[in-house]
Amino acid sequence: MGSLTEPVALGVTIAIEAPLCAVLGAGITGRRDRNRRAIVGLAVAINIATHPLVWFVLQPTLGVWIAEGLIIGIEAIAIVWLLGIGAAIALPISIVINGASLGAGLLISLRPR
């Protein structure tokens, strides 16, 4: 995302993905209230761990679309492991949350200066 710095892009990613993960994860797993905060914490931790990999390694070498595809898979695995849900549920969650943050990042990057 050309016009964003990595810290700003990470902030945008967390601001979008953490609440989405909480809503989708809590809704699907039936975990509410107290556990929703835990899901937000997990989403933030996952993004802090994976965002630099995407930004500094995968995007420059593989391009944005392949990098996002790989990270969707990596984050789906993390969701399976951390929330204890099946891959058939975790993968759509990962697609939705990553698609939303990627879309927002692209829109921000394309804004007129």
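Residues numbered from 1 in each chain as written. Predicted model: local features only at pLDDT ≥ 70, side-chain atom pairs only at ≥ 80, totals over all residues. Heavy atoms only, no water.

**Remarks on the side chain of Ser 101**
Note the cut-off: Secondary structure elements are taken from DSSP: a helix is a run of H or I of four residues or more, a strand is a run of E of two residues or more, and numbering for both begins at the N terminus. Think of it in three bands: residues with accessible area under 20% of the maximum for their type are buried, residues over 50% are exposed, and the middle band is partly exposed, with areas taken using a 1.4 Å probe on protein chains only. Any two residues whose heavy atoms approach within 4.5 Å at even a single point are treated as in contact.
Note on placement: Ser 101 falls in helix α4 (residues 87-110). Looking at Ser 101, the relative accessible area reads 5%, which means it is buried. Not counting residues within four places of it along the chain, the set of residues in contact with Ser 101 comprises Thr 13, Ile 16 and Glu 17.

**Here we look at the nonpolar core**
So the rule is basically this: For this analysis, a nonpolar core means a set of buried residues of the types Ala, Val, Leu, Ile, Met, Phe, Trp, Tyr and Cys, connected via side-chain atoms within 4.5 Å.
One finds Ile 79 and Ile 85 to be the most contacted residues of the largest nonpolar core, which totals 14 residues. Those elements that provide at least two residues to this core are α1 (6-29), α2 (34-62), α3 (64-83) and α4. In this structure, Ile 79 is in contact with Gly 84, Ile 85, Ala 90, Ile 93, Ser 94 and Ile 97, ignoring residues within four places of it in sequence.

**Some words on the environment of Leu 91**
Within the secondary structure layout, Leu 91 lies in helix α4. For the pair formed by Leu 91 and Ile 74, sequence separation is 17 residues and the distance between their alpha carbons is 9.5 Å. Contacts of Leu 91, omitting those with residues within four sequence positions, involve Ile 72 and Ala 76.

**What to know about the confidence of the model for the protein chain**
Heads up, the rule is: Every residue carries a pLDDT, the predictor's confidence in it, which falls somewhere between 0 and 100.
In the predicted model, the protein chain carries a mean pLDDT of 86, and the fraction of residues at 70 or more is 89%. Per-element confidence in the protein chain is highest for α4, whose mean pLDDT is 91, and lowest for α1, whose mean pLDDT is 86.

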